[in-house]
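Structural description and commentary
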Amino acid sequence: MKIETIQLNNQNPQVTLTTYLLADSPEVLKGQSRPAVIICPGGGYFSCSDREAEPVAMAFAAQGYHAFVLNYTTYGDGGLDMPDLSKPLPVKQDRLYPHQLHDLGRAMIYVKQHAEAWHVNPDQVVVCGFSAGGHNAALYATNWDNPELAKALNVDAEQLKPCAAILGYALTDYVFLQQDIQSKSPMDISFMRASNVAFLGLEDPTPEQLEAVSPAHQVSATTPPMFIWGTANDPLVSCQHAIKMAGALATEKIPFELHIFENGPHGLSLATPATSEAKTQVFPDVAAWTTLCATWLKKHVRLPLNALSDFEKMVQSGQSH
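In the annotation of an unreviewed UniProt entry, the protein is listed under the name Alpha/beta hydrolase and assigned to Lactiplantibacillus nangangensis.

Right under this line is the structure:
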């Protein structure tokens, strides 16, 4: 496996793409191209979680996909330090939307530009995200063909096209969020309002701003298929976000699969010991999402496997003589 971290934005060193490229082998695909997954970790737009980065990349690599982790623009400069939420959060103009969307576009362009050298199938690049990273992935999936995005990145929109999206406990409807936030705990309310400042520059964004960043309101005929999962009692991002996204996809007749697991807190990642700090983050039933996702992915991306291995062909050839 080739692991390398690449800086994507010279103006913001925190924006990086880390590769998890499976080595080519004469025993496996023999130089043929594999599908790939670009992963956006969560972190409330304050940071990018390590728990939703490399372990997730390794899980996809174990299924035969090249994986990439995108550290996109966040309020912080790295690490997991949270700002003091008891005080008004200063606005950082150079960290606001749409930088995060542009970062994911740059990652898609970079992967496709290096597709031949990396043995990536450029027509089978999936975007994946968790929580705020899931919001970024969902927003990208519903806006990849927006002329403004192509213009900002100076490319043809086709270079930005994802073939599918995977969303884990993703925030998909900011309009609903502003209604739902009043039901949260005081700590969660402070976190969400501060996240609004980190992402949009306002604790209480305008209705127009909320609509513009709500992917559940922006599904169209060009939105790619989606795999969506969450937990029914997520205290921070209601499972209604997943349900609303699925409803929008159903209206537009976009293929999707939706899994709402009965129990589990926010931010479970793989829900296994590999991504857990404590036993409270281990949920074996929720961990099944990776197996369910792997089965679903086979409907939309495929490893270029031969019908028989070389050894089996040799055996058959010998038997025919």
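Here the narrative resumes, following the displayed structure.
Looking only at helices and strands, one finds 11 helices and eight strands in the protein. Along the three orthogonal principal directions, the C-alpha set of the protein runs to about 80 × 45 × 40 Å. Out of the 321 residues in the protein, the part that is buried amounts to 54%. Sequence-distant contacts in the protein: of pairs separated by 6 or more residues, those separated by 24 or more amount to 74%.

In this structure, the amide linkage connecting Tyr97 to the following residue, Pro98, adopts the cis form with an omega of 15 degrees. Of note, Pro98 is situated in the loop between β4 (66-71) and α2 (99-113). A positive phi angle, close to 65 degrees, is found at Tyr45, a residue other than glycine. Tracing the backbone shows Tyr45 in the loop between β3 (34-40) and α1 (54-62). Of the residues examined, Tyr45 reaches a relative accessible area of 1% and is grouped as buried. A positive phi angle is found at Lys253, which is not glycine, with a value near 60 degrees. With respect to the helices and strands, Lys253 occurs in the loop between α9 (240-251) and β8 (256-261). The class of Lys253 is exposed, set by a relative accessible area of 73%.

Sequence positions flagged by UniProt for "domain: BD-FAE-like" (unreviewed entry) are, in local numbering, residues 93-248. Summarising residues 93-248: 48% helix, 14% strand, and an end-to-end C-alpha distance of 32 Å.

All right, on to the pattern of salt bridges then. On inspection of all chains with the given rule, the structure shows nine salt bridges. Across the pair Asp103 and Arg106 runs a salt bridge whose closest N-O atoms are separated by 3.3 Å. Here the residue Asp103 and the residue Arg106 both occupy positions in helix α2, the gap between them amounting to three residues, near one helical turn. By relative accessible area, Asp103 is classed as buried at 1%.

In terms of nonpolar packing, the biggest core is built from 68 residues, with Ile38, Phe68, Leu70 and Tyr140 touching the most fellow members. Element by element, the count of residues in this core is highest for helix α7 (residues 186-200), at eight residues. If we skip the residues at most four places from it in the chain, Leu70 touches Leu8, Val15, Thr16, Leu17, Ile38, Ile39, Cys40, Pro41, Cys48, Asp103, Leu104 and Ala107. Of all hydrophobic cores here, the second largest spans 31 residues; its members include Tyr20, Ala57, Phe60 and Trp289.

Calculation notes
- Residues numbered from 1 in each chain as written.
- Predicted model: local features only at pLDDT ≥ 70, side-chain atom pairs only at ≥ 80, totals over all residues.
- Heavy atoms only, no water.
- Helix = DSSP H or I, 4+ residues; strand = E, 2+ residues; numbered from the N terminus.
- Buried < 20%, exposed > 50% of the residue type's maximum accessible area, 1.4 Å probe, protein only.
- Contact = heavy atoms within 4.5 Å.
- UniProt positions renumbered as here; feature names shortened; annotations may be inferred.
- Salt bridge = Lys/Arg side-chain N within 4 Å of Asp/Glu carboxyl O.
- Core = buried A, V, L, I, M, F, W, Y, C linked by side-chain atoms within 4.5 Å.

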